[in-house]
Amino acid sequence: MTEQVEWSEPEAVAVPVSSAVTPADAADAARLVAFGLQPKLQPARDQEYAELLRRYREDPAFARLADAVATGLGLVVLEVSPRAGMAVTAAEDSVFAVRMGDYARRTSADSGDRFLHGLAHLAVAAMAFPRPEDLADDGYIGRVSVNGVDAFVRQACRRLEEQADEHGENTDPATDAPGLEAAWRIWARRSSTGATKDARRLAGSTTGIIGKAVAFLTDSGFLQRTGDDGGGTYRTTARYQLQVRDMAGSAAMTELLELGIVPVTDGTASLLPAEDTEDLELAADAGLPFHS
């Protein structure tokens, strides 16, 4: 006996069709990017911000839309998370890019001091995160002080001077000399605080330059002021860690860390003698959090 088998067409599987992007979606994506441009705003303190972050993480289409909005504004998304919010940095052609020349003019600095301001920013980053594992650990918090950073740079200057003496190169550098090699003489010759009767910090002194740097980083949501000791003490934020990660492979950062001057990251700048390291070439402004 032959069993009759009935054949039928397989049931059609419903394929979800992505809905078209609505003006409301675009507005929400732009709103999220706008939140990201407010670095001091914490998602935990703003319900709308926290909800848009949740939507970004759970809705891939919305995440792509927000990324596209950021890209269109010349922004690079570093991370989107509850700890950092929507952390963005400006690409070189972005209207949001901060250039060292503009920064120097904002601080009323002489144009010849531009590199010193850049070196101050570089030193703050190197002192806040002196080891690769510090950058890799999301829970790590770096601590710096204005006087500690100045001591750190001056120790680096002494190390560079020793290297120049060892190689018989302790002469004024040519204009195309590696950056730190050229800068240590300028920094070492500059007064730490100035010559006022009350030892008040002058803007053109090295601690004045560092003070401008940490004030800018604080206003930008990268540092938080924690006290007045040591010329002012600061702790790092998640956004600053992401920013330094982005510049950590630069020649400038590598050259400074390769000097072997390891600060204790409580802001006291306890410095250790350096071991011999190979020289690294540094292009002007390389790795600084500004565009040339």
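Residues numbered from 1 in each chain as written. Predicted model: local features only at pLDDT ≥ 70, side-chain atom pairs only at ≥ 80, totals over all residues. Heavy atoms only, no water.

A. Region of interest: the overall build of the chain. When its secondary structure is counted, the chain shows eleven helices and five strands. Residues counted as buried form 41% of the 292 residues belonging to the chain. Pairs at least 24 apart in sequence give 59% of the contacts found in the chain among residues at least 6 apart. Carbon and sulfur atoms make up 51% of the accessible area of the chain, which totals about 16000 Å². (Helix = DSSP H or I, 4+ residues; strand = E, 2+ residues; numbered from the N terminus. Buried < 20%, exposed > 50% of the residue type's maximum accessible area, 1.4 Å probe, protein only. Contact = heavy atoms within 4.5 Å. Areas by Shrake-Rupley, 256 points an atom, 1.4 Å probe, with all protein chains shown as cover.)

B. Up close: the packing of aromatic side chains. Scanning the entire structure with this criterion turns up four aromatic pairs. Both rings, one in Phe 129 and one in Tyr 240, keep their centres 6.0 Å apart while their planes meet at 50°; by these two values the pair is tilted. Taken together, the residues Phe 129 in the loop between helix H5 (114-128) and helix H6 (132-136) and Tyr 240 in helix H10 (residues 238-247) connect sequence positions 111 residues apart. Ring geometry for Phe 222 and Tyr 240: centres 5.8 Å apart, planes at 40°, overall tilted. Residue Phe 222 is located in the loop between helix H9 (206-219) and strand S4 (223-227), and its partner Tyr 240 is located in helix H10; the two are separated by 18 residues in the primary sequence. Phe 222 gets classed as buried once you look at its relative accessible area, which sits at 15%. Between Arg 55 and the ring centre of Phe 62, over which it is positioned, the NZ or CZ distance is 4.1 Å. (Phe/Tyr/Trp six-rings, centres within 6.5 Å; stacked < 30°, edge-to-face > 60°. Lys NZ or Arg CZ within 6 Å of the ring centre and 35° of its normal.)

C. Quick peek at the nonpolar core. Among the nonpolar cores identified, the biggest contains 35 residues, and Val 124, Val 149, Trp 187 and Tyr 240 are the most heavily contacted of them. Tallying contributions element by element places H5 first for this core, with ten residues. Contact partners of Tyr 240, with chain neighbours within four places excluded, come to His 121, Val 124, Ala 125, Ala 128, Phe 129, Leu 217, Phe 222 and Leu 223. The next biggest cluster of nonpolar side chains, apart from the first, holds 18 residues, and it includes Ala 29, Val 33, Tyr 56 and Met 86. (Core = buried A, V, L, I, M, F, W, Y, C linked by side-chain atoms within 4.5 Å.)

D. Expanded view of the pairing of strand S5 (residues 233-236). Both strand S3 (residues 143-145) and S5 contribute to a ladder of three bridges, which runs antiparallel. Bridge pairing in S5 places Ser 145 opposite Thr 233. In this sheet, S5 lies alongside S4 in antiparallel orientation, the contact comprising four bridges. Bridged to Leu 223 within S5 is Thr 236. The hairpin turn running from S4 into S5, its antiparallel successor, is five residues long, and Gly 230 in that turn takes a positive phi close to 60°. (Pairing = 2+ DSSP bridges.)

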